[in-house]
Amino acid sequence: MRFRIIPAIILLLSVIACDTTPETYEGEPNIYAVLTTDSSFACIMVGKTTSIDDTLTLEPDTIMDTFWRDDTFEVWPEIVFPWNGVSGAEVSLKQGGHRYVLLEDPDSAGYYGSDSIQFSARKTWELEVTYPSGEEIEAQTTIPGNFEITSPLVDTLSDTDVLEWTPSAHAAGYLIELLQWLSWEDEEEDTLVVDSSFDCLMLVQADTTSLPMQELELFDYLWAWADSLIIFVSALDTNAYDYRYYGEDRWDPDIRVEDYMHIEGAWGVFGSQTVACSQRYVLR
Amino acid sequence: MRKGIIWAVLFLTEFLFAAETGMVAGFVREAESGEFLSYVNVYLADKSMGTATNKQGYYVLSRVPEGKHTLIVSMIGYREERLEIDVRADKRLRRDFYLKPQPLGMEPVEVTAERARFEHEVDVGVKRMDFTEMRQIPGFVEQDLFRSLAMLPGVVSVSDFTSALYIRGGTMDQNLILLDGVTVYNPYHLMGFFSTFILESLKGAELYTGGYPARYGGAISSVLDVEMKAGNSERIAGYGEIGLLTSKLVVEGPLPWGAKGSWLAAGRRTYIDAITWTLDKIFNPDFSIYLPYHFYDLQAKVNWDASERSRFTLSGFFGDDVLSFKEEEEVDLDFRWGNGTLGLRWRYLFTPQLFSLLGFNATRYRLDTEVIERDEPDFEETSKKIEEYTYGLESGVGELGLQWGLTWFSGPGHTVEFGVESKVIETMNFMEEGWARYDKDKRNQPDTSWDTVRVNQRDTFWLAAVYLQDKWEPGPFWVIETGVRGEYFSNGNYWRASPRLGIKRRLTADWAIKAGAGLYYQYLYVPYPRDEMMLKIPIQFFQQWMGAAERYPPLKSTLFTLGTEHLFPKDMSASVEFYYKDLRNLREADLMGGEGPTTDTASITLGQGYSYGAELLLKRGYSWVGYSYSVTRYRFGDEDWFFPVHDSRHNLNLSFALPLGKKGWTLTSAWVFSSGFPFTAQIGWYQHVNEEGEIDWMPISGRRGEVRYPPYHRLDAGFTKSFRLFKRFDAEFYIQVLNVYARRNVLFYDYEIDENGVTQREAVPMLPVPIPSFGIRARL
């Protein structure tokens, strides 16, 4: 008899112990849009988040590569996902009393664009999106002021150079990118092979307007076979800066969403940037 | 007004009757080892008067009527001592006792230590554990004090990978851990798997989960007061143990050259490094299983009885963990962390009624980490260049303190304690990153390099305290403990006063009710991590201690407890306690969200919390059943209230030791059940466009702590077999198994999207399989 009590206690405790019912979740608006100074093209990506219970849409040809999983050694495909777009939304941009309606790309669900709007520095733009399901989203961005790269200005680079630029008004920070041009001779084919890639991304705060090239790991290129570098410095408004600063850390699920999402009622970003660039050659 | 007069009369009565009475006082020790015995019942044969020894084994029976009496000294497990005494008016008798151990069951036990404590201590929220109780809970690799304490109601351990204790809703930094009165800040080994104390060198531990006396301060949730053995003052003795991954040796004996006193030295070392190295060499697997990790502990204590009145004690504890390896000259990793304490005590009896304890304390915890990564650039095969990235982290806390306490046995059942304390505390956090590029073999002459100090914080604080505590038994059925503690903390100029109150009323000879209340402050803390997973995985070495500051007042708790306890025949007891705890000025920080550890107080969010619950403990001998119901909620900043990671609604612990036959076999077992711990579930995905324009799915978290893991339960069991080693030494062989039925308790869930676009939730278990360990130990 007494041995029957123990399973009964376990059963009772299991019943009263806890609530393991997962929370229910339905999709919410998800937007991506970064306006660029002096560009006449705008693309607003309008989509929705998804519950973990939903099956995500995949396109078969987006399975690009395979990896070995560390724990089970099974082959694991790398998947590139399409934008989970929402069709039929009303999307418009407003500035200085003018309202511009953006049209959906018929070939890409959820992509709304216009190629006739001129985005000037220091102007404030408002985004209005009305989802077919009724959600209304509003957001605002002020485009950072124009600025220029002041150093290095020589056509050769060394590891003692310092990258410098003038401050940009309304910028919350800067994104520095290096586009490297690579060329080498393929001895078997007797041809010159050209390649390029972005690398060396670095995000700095608004009070930083110079960086030693060493910190950009320029040495990689000095000793590599790159021919030249194009240096991009993008001044980001607060929305775009926070989106980059917090949003890239995928390993910390507890980073507060309100720290970097500045769209009331939606996930994502409505931000802006002003870009300065300079092409320089590597000292060989 | 009327009550005030009654109290005044009672006080006056003590003095009026003083003239016709005498006093008897002394120490009670164990005969074989000379160890002082606490909570021994000392009473007159006619039971008209009685008391219990205190923690130092000292008793005072004052106001004993003039004439001849029989004094009885009794404790379970020891032969009762009776002594005829002749008490003269105004005379003080010093009578010390040496109790001889007696096997249980030989005589009926009338008066136990449990009863002495029951009759003379308020004991609100106090749990005691002696060496035998600690030893019976099977452990990982070996038995462990903290693992044993986690079997008590009200104490929660959140994962198999950490021995950190969460007590009545508090976090691990809210526990004051003392070893012989000296604070130990981070007493964990193997990144938190088990605690640093060598069990066999300990006499016992007292865990105050609430309502602790005014002599303790600096923690808002609990006090764990661990006491080392004094050492055998009668003969040289020893203890040795050889286990699967650790070995230890304890040696003790009387002081040489005729000096009165004793000494004890204990050491322990793991040989995980040697075992894994050997296995690696023998089996030569595809990937190395060599783990270059070890830890060691050294504990020592010397007691010198300079006179009958004066005793000096010097005790120290040193332990380090070392993880150090070089991987084919690509990575150098050097982790070292550990504790060191030193305590010097001078106990002096001014009179048999006035007891002084002067102490000097030094303690430190430090973590020292250096990681060096080397790389040969692909495009530089001919130039033989090396690129080297260096990451260094140092963190620590230390203190130097002086304390002096007076204990005055002012009358029958009346003890007054007064004390002052002063300590200088230093916290330090330093983080540095560097990079260099150099020709091979010319590390000291880099072509180019940079070095950046990310964090460089060093703070010094001064903490001063004064306390007054009064324990009074105004009649045979009452015990009243009142106290107040005043504290000053230099950083922010904080003056705080903490009143304490504990009352026990015995309703019958075996049944009592008790209540306690108190206010507690804490000046040093470790922020609650925003990423709660940090509390569940073995990284307890990485604790960043910070001090209260101007904008961040000391942590504060207010605790109310109500309880009842009952003693049954055959050494059985039962207690039930209800509590409510209010927590203020809690801290939260995103410790790992940025580039590394943060000491930026701007990143800290203040919060509050509360916890309430009920605890039940049924105990018989060394077996017990504990159950607790508790609710804990925290709130930081403007966020909603949430259940923190250690909120365990129901907790059931069963622990028993069962002799099997007469051939020396004993079965020890512990079963723990906890309702599921809270976690923040992932409920969805949102799309993020990264810097390169690629679209990723990123997790959306649900409400914080809203969902719970499945219930946690685990059975640990062990067998011991007693035998005579070389026909000379008492020895035991033991084998124990953790997680006997291979329960896969969930550590966390991992979410991934598979190739069909379906989210897969994978439960990552704690200890997924039974973990056996065995060893042999002997008394020498």
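Calculation rules
- Residues numbered from 1 in each chain as written.
- Chains lettered and ligands numbered in written order.
- Predicted model: local features only at pLDDT ≥ 70, side-chain atom pairs only at ≥ 80, totals over all residues.
- Heavy atoms only, no water.
- Helix = DSSP H or I, 4+ residues; strand = E, 2+ residues; numbered from the N terminus.
- Contact = heavy atoms within 4.5 Å.
- Areas by Shrake-Rupley, 256 points an atom, 1.4 Å probe, with all protein chains shown as cover.
- Buried < 20%, exposed > 50% of the residue type's maximum accessible area, 1.4 Å probe, protein only.
- Pairing = 2+ DSSP bridges.
- Axes fitted to C-alpha atoms, helices over the stretch in contact; angles between N-to-C directions.
- Polar contact = N/O pair within 3.5 Å; in protein donor to acceptor, adjacent residues only side chain to side chain.
- pLDDT = per-residue confidence, 0-100.
- Core = buried A, V, L, I, M, F, W, Y, C linked by side-chain atoms within 4.5 Å.
- Patch = residues over 30% accessible without salt bridge, like charges linked within 9 Å, V, L, I, M, F, W, Y side chains within 5 Å.
- Salt bridge = Lys/Arg side-chain N within 4 Å of Asp/Glu carboxyl O.
- Lys, Arg positive; Asp, Glu negative; His and termini not counted.
- Charge placed at Lys NZ, Arg CZ, Asp CG, Glu CD.
- Phe/Tyr/Trp six-rings, centres within 6.5 Å; stacked < 30°, edge-to-face > 60°.
- Lys NZ or Arg CZ within 6 Å of the ring centre and 35° of its normal.
- Expected span 1.5 Å × (residues − 1).

(A) Main features of the overall build of chain B. Across its full length, chain B carries five helices and 48 strands. Contacts in chain B between residues at least 24 apart in sequence constitute 65% of all its contacts with a sequence separation of at least 6. Working note: accessible area of chain B is about 32,500 Å², and carbon and sulfur atoms make up 58% of it.

(B) A look at the overall build of chain A. In terms of regular secondary structure, chain A is built from three helices and 18 strands. The proportion of buried residues among the 284 residues of chain A is 42%. If you take every contact in chain A between residues at least 6 apart in sequence, the share linking residues at least 24 apart comes to 67%. A total accessible area of about 15,400 Å² is found for chain A, and carbon and sulfur atoms account for 50% of it.

(C) A look at the pairing of strand β46 (residues 746–753) of chain B. All names here are of chain B. In the sheet, β46 pairs with strand β47 (residues 759–765) via seven bridges, with the strands oriented antiparallel. By the bridge assignment, E752 is partnered in β47 with Q760. Hairpin connection between β46 and β47: a loop of five residues separates the two successive antiparallel strands, and G757 in this loop has a positive phi of roughly 80°.

(D) Spotlight on the side chain of N739 of chain B. Residue and element names in this part refer to chain B. With respect to the secondary-structure elements, N739 resides in the loop between β45 (729–738) and β46. Judged by its relative accessible area of 0%, N739 is buried. If sequence neighbours within four positions are ignored, N739 has contacts with R714, L715, D716, L767, P768, V769 and P770.

(E) Local environment of the pairing of strand β6 (residues 90–95) of chain A. Residue and element names in this part refer to chain A. Bridge count for β6 against strand β9 (residues 124–130) is five bridges, and the pairing is antiparallel. Bridge pairing in β9 links E90 to T130. Across five bridges, the pairing between β6 and strand β7 (residues 98–104) is antiparallel. When the bridges of β7 are listed, Q95 appears paired with H98. Counting the residues between successive antiparallel strands, the hairpin from β6 to β7 contains two residues, one of them, G96, with a positive phi of roughly 55°.

(F) Inspection of the sheet that holds strand β2 (residues 41–44) of chain B at higher detail. Residue and element names in this part refer to chain B. The strand order β3-β2-β5-β6 describes an open sheet built from four strands, whose pairing is antiparallel. Both outer strands of the open sheet, β3 (50–52) and β6 (81–87), are each paired with one neighbouring strand and no more. Averaged over neighbouring strand pairs, the angle between their axes works out to 20° when direction is ignored. As judged from the seven bridges shared by strand β5 (residues 67–74) and β6, these two strands associate in the antiparallel manner.

(G) Looking closely at the sheet that holds strand β41 (residues 682–689) of chain B. Taken in spatial order, the three strands make up an open sheet running β3(A)-β41(B)-β42(B), and their pairing is antiparallel. Two strands in the sheet have a free side with no partner beyond their single neighbour: β3 (50–51) of chain A together with β42 (695–701) of chain B. Bridging between β41 of chain B and β42 of chain B involves seven bridges; their strand directions are antiparallel. The residue bridging Q687 of chain B from the neighbouring strand is W697 of chain B, located in β42 of chain B. Those strands touched by helix α3 (residues 238–247) of chain A are β41 and β42 of chain B, and its axis lies near 125° from that of β41 of chain B.

(H) Representation of the environment of R99 of chain A. All names here are of chain A. Mapped onto the elements, R99 comes out in strand β7. Note: C-alpha distance between R99 and W125 (26 residues apart in sequence) is 9.9 Å. In this view, R99 contacts S92, L93, K94 and E128; residues no more than four positions away in its chain are not counted. Polar contacts involving the side chain of R99 include one to the side chain of S92, which spans 3.2 Å. A polar contact of 2.9 Å, which involves the side chain of R99, links it to the side chain of E128.

(I) Representation of the confidence of the model for chain A. All names here are of chain A. Summarising the model, chain A shows a mean pLDDT of 78, and 70% of its residues fall at 70 or more. Element-level mean pLDDT values for chain A span from 42 in strand β4 (residues 63–68) up to 95 in β9. Taken together, the stretch residues 61–76 has pLDDT below 50 and engages in 30 contacts with residues farther than four places along the chain or on a different chain.

(J) Structural view of α3 of chain A. Here α3 of chain A lies mainly inside the structure; seven of its 10 residues are buried. Within α3 of chain A, burial applies to N239, A240, Y241, D242, Y243, R244 and G247 of chain A.

(K) Spatial organisation of the nonpolar core. All names here are of chain B. If you look at the biggest cluster of nonpolar residues, it comprises 58 residues, and the most contacted ones within it are L145, F146, L149, F197, L202 and L224. Per element, the largest residue contribution to this core is five residues, and it comes from β46. Not counting chain neighbours up to four residues away, the residues in contact with L145 comprise M134, S195, F197, L199, L202, A205, L224 and V226. In this structure, F295, F335, V397 and L519 belong to the second largest nonpolar core, which totals 30 residues.

(L) Summary view of a nonpolar patch on the surface. Residue and element names in this part refer to chain B. A surface patch of nonpolar side chains, about 890 Å² in accessible area, is lined by I242, L244, F656, L658, L660, W665, F719, F733, I735, F774 and I776. Those elements that place two or more of their residues in the nonpolar patch are β38 (650–660), β45 and β48 (771–779). Counting residues per element, the nonpolar patch draws most heavily on β38, at three residues. Among the structural elements, L658 can be located in strand β38. The class for L658 is partly exposed, based on a relative accessible area of 42%.

(M) Up close: a negative patch on the surface. Residues and elements named next belong to chain A. On the surface, E185, E187, E188, E189 and D190 cluster together into a patch of negative charge. Structurally, E189 is set in the loop between β14 (173–186) and β15 (191–205). Taking the relative accessible area as the measure of exposure, E189 reaches 55% and is therefore exposed.

(N) Highlighting the packing of aromatic side chains. All names here are of chain B. Scanning all chains against the criterion turns up 42 aromatic pairs over all chains. Their ring planes at 55° and their centres at 5.2 Å tell us that F27 and F36 sit as a pair that is tilted. A ring pair is formed by Y208 and Y216, whose centres lie 5.1 Å apart and whose planes are at 50°; its orientation type is tilted. When its relative accessible area of 4% is taken as the criterion, Y208 is described as buried. A residue is classified by how much of its surface remains accessible, and Y216, at 5% relative accessible area, is buried. Three or more aromatic residues link up through ring pairs in this structure, and these residues are F27, F36, Y58, F355 and F409. We note R708 situated over the ring of F643; from NZ or CZ to the ring centre the distance is 5.0 Å.

(O) Layout of the side chain of S221 of chain B. Residue and element names in this part refer to chain B. You can see S221 is positioned in the loop between β16 (202–208) and β17 (222–228). Residue classification places S221 among the buried positions, given a relative accessible area of 1%. Side-chain polar atoms of S221 contact the side chain of K581, separated by 3.1 Å.

(P) Representation of the pattern of salt bridges within the structure. Residue and element names in this part refer to chain B. Per the stated rule, a full pass over the model turns up 48 salt bridges over all chains. A salt bridge links R168 to E615, with the shortest nitrogen-to-oxygen separation between them at 2.9 Å. Residue R168 is found in the loop between β11 (166–167) and β12 (175–179), and its partner E615 is found in strand β36 (residues 605–620); the two are separated by 447 residues along the sequence. The class of R168 is buried, set by a relative accessible area of 1%. Judged by its relative accessible area of 5%, E615 is buried.

(Q) Looking closely at helix α5 (residues 272–283) of chain B. Residues and elements named next belong to chain B. Counted at 1.5 Å a residue, the expected span for α5 with its 12 residues is 16 Å, and the 16 Å between its end C-alpha atoms agrees. Those residues of α5 that are buried lie in contact with β20 (261–270) and β21 (293–305). Looking at the residues trailing α5, positive phi occurs at N284, about 45°.

(R) Seen up close, the confidence of the model for chain B. Residues and elements named next belong to chain B. Confidence along chain B averages 84 in pLDDT terms, with 90% of residues attaining 70 or more. Every residue in residues 6–18 is under pLDDT 50, and counting partners more than four places away or in other chains gives 13 contacts. Contacts for the low-pLDDT stretch residues 104–111, under 50 throughout, to residues beyond four places or in other chains number 11 contacts.

(S) Inspection of unusual backbone geometry at higher detail. All names here are of chain A. Of note, the bond from S151 into P152 is cis; its omega dihedral lies within 30 degrees of zero at 0°. Here P152 shows up in the loop between β11 (149–151) and β12 (156–157). Unusually for a residue other than glycine, D38 sits at a positive phi of about 65°. Residue position: D38 is located in the loop between β1 (29–36) and β2 (42–48).

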